[in-house]
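Architecture and fold: a report
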Amino acid sequence: MKRIVIAVVALALGTVFAAAQDWPTKLVKIIVPFAAGATPDVVARLIADAEVGGFRQMIAVIGDSANAGSIELHRAAGFRMVGTFDNVGFKFGRWLDSVLMQRPLGTGATAMP
């Protein structure tokens, strides 16, 4: 019984220490040439927060392939088109496609987790 308790404590402490990481090691600063609170600013802040949080990929799902403004906003923020689901929604008397876009964060998939 004593060995089990020691093993559980060792595993718990190992998990706590393993979870602590020093990433990122430097301040992330993004300058967005738009007014605070404008859509490009909000997207840039979300990306920065996700990078600081240690996330490796960001996915955008745009609910209408005809929404060129949203697609271009994401493209300008570094997203790339990865696919489209055809005719998966119906709104205002017409079928809608969903567009999938992806953006790497930090090292993305270029380094092991």
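Attention in this report is confined to the structure presented alongside it. (Residues numbered from 1 in each chain as written. Predicted model: local features only at pLDDT ≥ 70, side-chain atom pairs only at ≥ 80, totals over all residues. Heavy atoms only, no water.)

**A short note on the nonpolar core**
Core analysis: the biggest nonpolar cluster contains 12 residues, these being Val-43, Ile-47, Ala-50, Met-58, Ala-60, Ile-62, Ile-71, Ala-77, Phe-79, Val-99, Met-101 and Leu-105. Broken down by secondary-structure element, the contributors of at least two residues to this core are α2 (39-52), β1 (57-62) and β3 (94-104). Ile-47 has contacts with Met-58, Ala-77, Phe-79, Arg-103 and Leu-105, leaving out every residue within four places of it along the chain. (Core = buried A, V, L, I, M, F, W, Y, C linked by side-chain atoms within 4.5 Å. Buried < 20%, exposed > 50% of the residue type's maximum accessible area, 1.4 Å probe, protein only. Helix = DSSP H or I, 4+ residues; strand = E, 2+ residues; numbered from the N terminus. Contact = heavy atoms within 4.5 Å.)

**Quick word on the packing of aromatic side chains**
Throughout the structure, instances matching the rule amount to one aromatic pair. With a centroid separation of 5.1 Å and an interplanar angle of 70°, the aromatic rings of Phe-90 and Trp-95 are classed as edge-to-face. Taking relative accessible area as the criterion, Trp-95 reaches 53% and is therefore assigned exposed. (Phe/Tyr/Trp six-rings, centres within 6.5 Å; stacked < 30°, edge-to-face > 60°.)

**Points about the environment of Gly-89**
One can find Gly-89 in strand β2 (residues 80-91). If near-sequence neighbours (up to four positions away) are discounted, Gly-89 is found in contact with Arg-94, Trp-95 and Leu-96.

**Quick look at α2**
An α-helix turns once every 3.6 residues. As a result, residues three or four positions apart point the same way. Counted at 1.5 Å a residue, the expected span for α2 with its 14 residues is 20 Å, and the 20 Å between its end C-alpha atoms agrees. The complete set of buried residues in α2 reads Asp-41, Val-43, Ala-44, Ile-47, Ala-48, Ala-50 and Glu-51. Looking at the buried positions of α2, the neighbouring elements they touch are β1, α3 (68-76) and β3. In the segment just after α2, Gly-54 is the residue with positive phi, at about 90°. (Expected span 1.5 Å × (residues − 1).)

**Comments concerning unusual backbone geometry**
Residues other than glycine seldom take positive phi values, yet Asn-87 does so here, at roughly 50°. With a phi angle near 50°, Phe-92 is a residue other than glycine that sits in the positive phi range. Locating Phe-92 in the fold gives a position in the loop between β2 and β3. The exposed category is assigned to Phe-92, whose relative accessible area is 79%.

**Digging into the environment of Ala-109**
Along the chain, the position of Ala-109 falls in the segment after β3. For Ala-109, a relative accessible area of 72% gives the class exposed. With 52 residues separating them along the chain, Ala-109 and Gln-57 place their C-alpha atoms 8.1 Å apart.

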